[in-house]
Structure formats: structure tokens, C-alpha cells
Amino acid sequence: MMALNHHLIGRRIKETRMASRLSQAQLAERVGLSSVFISNIETGAKKPSVESLLRIANALGVTVNHFVHDGQPHDSTECISELVQLMADCNTYAQRVICETAFALKKSLGSWRGHS
């Protein structure tokens, strides 16, 4: 079994936080941790507990697997769950745009063997 790469986990947390347009202080407040600890997690200087990782994932609207995933393909159940989470707070127009984009992407991938 491979050890967790805490530097990679921290980088993924930072990327996800920034994509969510949250500061370290805002994320820290949402999860009940200090902004210094969030910074240390993001740089890999500190290792978050499973509980902290779960709280961070929940606050950012992703699964813990999003941070620790080693690059293997997601199973379809997880992908469907992530899409449902993604669309949960979207209005009808945004949901339609996401669906149309997904259909166009699927069609584009369909021309590649094994992706249709």
C-alpha cells in the first residue's frame, strides 16, 4: 500500500479552495480550523486528520477522494454523485448549460475508441 502524498493533497486542497474563490481564512472559519493550519496543510507542512480532511472536502463541495485520488479512473457511481453535487445549487439555466456541455463532450469523446 502506498503512503499518502501530503504535499499533493495540500496542493489539491489549495487548488480547490482557490477555484471556489475562498481565502484560507474563509475556509478555516467554515471548517473550524485556524488559517495557519490550513496554510500548513496546503504546503504539506502539516498532515490533516481524516476528520479535518472530511470537513475541508465538505466545505469545498468535493469528496475526500478528490484530494487523495492517485490518478486512477473514478467509478461511475462516484462521478454521478459528483455531477449531482455540482448541479445541486445551480438554477435551471445553469443546469441546462452543464448538460449540453456534457453531451457535446461525450459526443466529442465518442470519436475516441473506448470512450463512448
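Residues numbered from 1 in each chain as written. Predicted model: local features only at pLDDT ≥ 70, side-chain atom pairs only at ≥ 80, totals over all residues. Heavy atoms only, no water.

Is there a simple way to think about the overall build of the protein chain in this case?
Looking only at helices and strands, one finds 7 helices and 0 strands in the protein chain. Listed by position from the N terminus, the elements making up the protein chain come as α-α-α-α-α-α-α. Taking all 116 residues of the protein chain together, the buried fraction comes to 23%. The contacts in the protein chain between residues at least 6 apart in sequence include a share of 44% that link residues at least 24 apart. As displayed, the protein chain offers around 8,400 Å² of accessible surface, 58% of which is attributable to carbon and sulfur atoms. (Helix = DSSP H or I, 4+ residues; strand = E, 2+ residues; numbered from the N terminus. Buried < 20%, exposed > 50% of the residue type's maximum accessible area, 1.4 Å probe, protein only. Contact = heavy atoms within 4.5 Å. Areas by Shrake-Rupley, 256 points an atom, 1.4 Å probe, with all protein chains shown as cover.)

What is the right way to read the nonpolar core from this model?
The nonpolar side chains of a soluble globular protein tend to be buried with one another. Judged by nonpolar contacts, the single largest core of 15 residues is most densely connected at I13, L27, V31, I38, I56, L60 and F67. Among the elements of the structure, helix 1 (6-19), helix 2 (24-31), helix 3 (35-43) and helix 4 (50-60) are those that each provide at least two residues to this core. The element best represented in this core is helix 4, accounting for 4 residues. Setting aside chain neighbours within four positions, we find I56 in contact with I13, L27, V31, L33, I38, I41 and F67. (Core = buried A, V, L, I, M, F, W, Y, C linked by side-chain atoms within 4.5 Å.)

Mind showing me how you'd approach the confidence of the model for the protein chain here?
In low-pLDDT regions, the fine details of the predicted coordinates are not to be read closely. Scored by pLDDT, the protein chain has a mean of 85; 85% of the residues are at 70 or more. Here helix 6 (residues 76-87) is the element of the protein chain with the lowest mean pLDDT, 77, and helix 2 is the one with the highest, 97. (pLDDT = per-residue confidence, 0-100.)

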